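Read off the chains here:
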Amino acid sequence: MTYGHFFTVLINFIIVAIFLFILIKIITSLIKKKKEEEPKPTCPSCKCEIKEGAKKCQWCTADIPGEDDVSSDDGKASSYETRYMEDKYARS
Ligand SMILES: [Zn+2]
C-alpha cells in the first residue's frame, strides 16, 4: 500500500519535471529567436558588435556616427546606409 503510493508520487514528480523541462526549453528558444531577429549595431571600422547608442567603439575606439547626426548626409539615405557606403569607399 505505501509502496504503491510512493511510486505514484515518484512517477507524478518525474512527469511534472519532464513537462517543466520541455516548457522552459521552448520558452528559452523563443527568447533566443526574438533576440536574433533584432539587428545589432556594428562598428563601421572593425565590424564588431557595439551597444546601441554608443558613440565610441569599445574594441577599436573609433568614433561611431550617431543616429541623430545629420551633418554628413542630405537626408536621402538612412544613417546606416550612409555609414556603410562611406566605409565601402574608404576601403576601395
Ligand atoms: Zn570598432
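Since this is a predicted model, take the numbers as computed values, not measurements.

**Things to note about the overall build of the chain**
Here comes step 1: Across its full length, the chain holds two helices and zero strands.
Here comes step 2: Looking at the chain as a whole, 5% of its 92 residues are labelled buried.
Here comes step 3: The contacts in the chain between residues at least 6 apart in sequence include a share of 5% that link residues at least 24 apart.

**Concerning the confidence of the model for the chain**
Here comes step 1: Here the chain averages 81 in pLDDT, and 74% of its residues register 70 or above.
Here comes step 2: pLDDT under 50 marks residues 69–73. Its contacts with residues more than four places away, or in other chains, come to five contacts.

**A short note on the environment of Pro 44**
Here comes step 1: Structurally, Pro 44 can be placed in the loop between α1 (2–37) and α2 (79–91).
Here comes step 2: Separated by 43 residues in the primary sequence, Pro 44 and Asp 87 place their C-alpha atoms 6.4 Å from one another.

**Details of α1**
Here comes step 1: The end-to-end C-alpha separation of α1 is 53 Å, in line with the 52 Å expected for 36 residues at 1.5 Å each.
Here comes step 2: Burial of α1 is sparse: only zero of the 36 residues sit out of reach of the surface.

**Overview of unusual backbone geometry**
Here comes step 1: The residue Lys 47 is not glycine, and still its phi comes out positive at about 60 degrees.
Here comes step 2: Mapped onto the secondary structure, Lys 47 falls in the loop between α1 and α2.
Here comes step 3: Accessibility expressed as a C-beta count within 10 Å gives 12 for Lys 47, which makes it exposed.
Here comes step 4: One non-glycine residue, Thr 61, lies in the positive phi region at around 60 degrees.
Here comes step 5: The residue Thr 61 is located in the loop between α1 and α2 in this model.

**Concerning the environment of Ser 45**
Here comes step 1: For Ser 45, the location among the structural elements is in the loop between α1 and α2.
Here comes step 2: Residue Ser 45 is classed as partly exposed on the basis of its C-beta count, with 15 C-beta atoms lying within 10 Å.
Here comes step 3: In the structure, Ser 45 is positioned 42 residues away from Asp 87 in sequence and 7.3 Å away in space, judged by C-alpha atoms.
Here comes step 4: For Ser 45, the residues in contact, after removing those within four places along its chain, are Cys 57, Cys 60 and Ala 62.

About the thresholds
Residues numbered from 1 in each chain as written. Predicted model: local features only at pLDDT ≥ 70, side-chain atom pairs only at ≥ 80, totals over all residues. Helix = DSSP H or I, 4+ residues; strand = E, 2+ residues; numbered from the N terminus. Buried ≥ 20, exposed ≤ 12 C-beta atoms within 10 Å, placed from the backbone. Contact = placed C-beta atoms within 7 Å. pLDDT = per-residue confidence, 0-100. Expected span 1.5 Å × (residues − 1).

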